[in-house]
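Structural overview
If you want the building blocks of each chain, they are given just below.
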Amino acid sequence: MASDTVYRASTTAPVNIAVVKYWGKRDPKLNLPTNSSLSVTLSQADLRTLTTASCSASYPSSDGDSLLLNGEPSDVAGARTQACFRELRSRRAALEAANPSLPKLSAMPLRLVSENNFPTAAGLASSAAGFAAFVRAIANLYELPASPSELSLIARQGSGSACRSLFGGYVAWRMGDKADGSDSMADQVAEASHWPEMRALILVVSAAKKGVSSTSGMQQTVATSGLFQERITKVVPQNMDLMEKAIKEKDFAAFAEVTMRDSNSFHATCADTYPPIFYMNDVSRAAIRAVETINANVGRTVAAYTFDAGPNAVIYYLEQDTEAVVGTFYHVLGEIDGWKQASLKGLKPSMS
Ligand code: 2P0
């Protein structure tokens, strides 16, 4: 094979929005969480990262590995990115050692080109889709015989929530208890087709980069919040059980209650952090009231809010309640100050 051969593979990875939140690391180096979490993977038609990985003996080794993110050079020297490169290369090197006729891709510099179709770092879990696509693109390039759960072990080291974006549908990240992290990975609780009526509405309150990054925010919470112990030992284990049951039984009222309670619990531990961390703002709180109004007016739970490390709201609802939820949301929020700066983004119906 000529030495100027360029080997290339592309993949996309979707965004996921947690309904039982990951917040806290028990081992920051291996990115091991203090609790399990559970998310819904959203449609790639709306929110996804597209990544192409390539390598070639003709790429100057002085260039090293590189990443172009949304057209801009991005730093790959960070420990988390390096951990992903190292894990993937060592798996490829093992394949090459077992089969000497394979091209020595593990020795070549890697070039990654990645594009999001949504704002980066706007509280829309860009790092989740980003690292999931990054890991899968290189795994495809290297032709690694790795299952999504095995790839989730690697993506986890890039960004915790990324391990959940290796699957579609309803996905759990089991925290595991081994010190080396070999059992801290994701699995699929249910396919998207199990409950295909699920919809998500994203209320983009602000597309600005968030004030306190998730990584540093959760470290501060672990170090200073008393409430946090209650959350990781009691609240989350119970919410994981209730959520898995709600999904298996397609019980939207139960799904919604756990989703809202878990978001509230997560933001309460942020407020209990010292100094406190506030991700939600007045428009976020108005969105909570709007959901309460909608549920009260309809007379049953048809909508559930959840907030990540930023002010944007994600509202889960079922397709048959679109009119009541989306229609009323515009109406109720239209009367609230501050709403005019926000915009509503409806997600297409499918989940991948
Ligand atoms: C989640 N979040 O479960 C929670 C809810 C934010 C709030 O996962 O440090 O970017 O890269 O492992 O994955 C955001 O944290 O943190 C997150 P790192 P990540 O989706």
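It should be emphasised that the depicted structure is a prediction, and the values quoted were computed from it without experimental measurement. (Residues numbered from 1 in each chain as written. Predicted model: local features only at pLDDT ≥ 70, side-chain atom pairs only at ≥ 80, totals over all residues.)

Points about the sheet that holds strand β7 (residues 66-69)
With mixed pairing, the five strands of this open sheet are ordered in space as β1-β6-β9-β7-β8. Each edge of the open sheet is held by one strand with a lone partner, namely β1 (6-14) and β8 (72-74). On average, adjacent strands in this sheet sit at an angle of 20 degrees to one another, irrespective of strand direction. (Pairing = 2+ DSSP bridges. Helix = DSSP H or I, 4+ residues; strand = E, 2+ residues; numbered from the N terminus. Axes fitted to C-alpha atoms, helices over the stretch in contact; angles between N-to-C directions.)

A short note on the sheet that holds strand β5 (residues 37-41)
Within the open sheet, the four strands sit side by side as β2-β5-β10-β11. Their pairing is antiparallel. Each of the sheet's edge strands pairs with one partner strand only, and the pair in question is β2 (16-20) and β11 (185-190). Going from strand to strand, the sheet's axes swing by 35 degrees on average, the running direction of each strand aside. Strand direction decides the pairing type here: β5 and strand β10 (residues 170-174), joined by four bridges, are antiparallel. Following the sheet pairing, serine 39 is matched in β10 by valine 171. Across the sheet, helix α5 (residues 227-249) is in contact with β2, β5, β10 and β11; its angle to β2 comes to roughly 115 degrees. (Contact = placed C-beta atoms within 7 Å.)

Digging into the site of the ligand
The immediate surroundings of the ligand are formed by 15 residues, with Ala18, Tyr22, Ser159, Gly160 and Ser161 found nearest. Residue composition of the shell around the ligand, by class: five nonpolar, eight polar and two charged. Inspection of the shell around the ligand shows a minimum of three residues originating in each of domain 1 (6-191) and domain 2 (198-346). (Near = placed C-beta within 6 Å. Nonpolar A, V, L, I, M, F, W, Y, C, P; charged D, E, K, R; others polar. Domains from an automatic or database assignment.)

Focus: the pairing of strand β12 (residues 198-204)
In terms of burial, β12 is largely enclosed, as six of its seven residues are buried. Two elements, β12 and strand β14 (residues 313-318), share six bridges in a ladder whose sense is antiparallel. Bridged to leucine 201 within β14 is isoleucine 315. (Buried ≥ 20, exposed ≤ 12 C-beta atoms within 10 Å, placed from the backbone.)

Quick look at the domain arrangement of the protein
Interface size, as often reported, equals the accessible area lost upon joining of the parts. Per the domain assignment, the segments of the protein are domain 1 (6-191) and domain 2 (198-346). For domain 1 and domain 2, the distance between their C-alpha centres works out to 26 Å. Listed by partner, the interface residues are 23 residues for domain 1 and 32 residues for domain 2. Within the residue set of the side of domain 1 that touches domain 2, elements represented by two or more residues are β2, β5 and β11. With three residues, the top contributor of residues to the side of domain 1 that touches domain 2 is β2. The residue inventory of the side of domain 1 that touches domain 2, partitioned by class, reads 16 nonpolar, five polar and two charged.

Observations concerning the environment of valine 6
When you line up the elements, valine 6 lands in strand β1. Not counting the four nearest positions on each side in its chain, valine 6 is found in contact with Ser54 and Ser56.

Structural notes on unusual backbone geometry
Note that the residue after tyrosine 274, namely proline 275, is joined by a cis bond; omega there is -5 degrees. For proline 275, the location among the structural elements is in the loop between α6 (252-271) and α7 (282-298). Phi is positive for asparagine 31, close to 60 degrees, though the residue is something other than glycine. Within the secondary structure, asparagine 31 is located in the loop between β3 (25-27) and β4 (32-33). Look at asparagine 31 and you get buried, because 22 C-beta atoms sit within 10 Å. A positive phi angle is found at glutamate 143, which is not glycine, with a value near 50 degrees. Residue placement: glutamate 143 occurs in the loop between α2 (126-141) and α3 (148-158).

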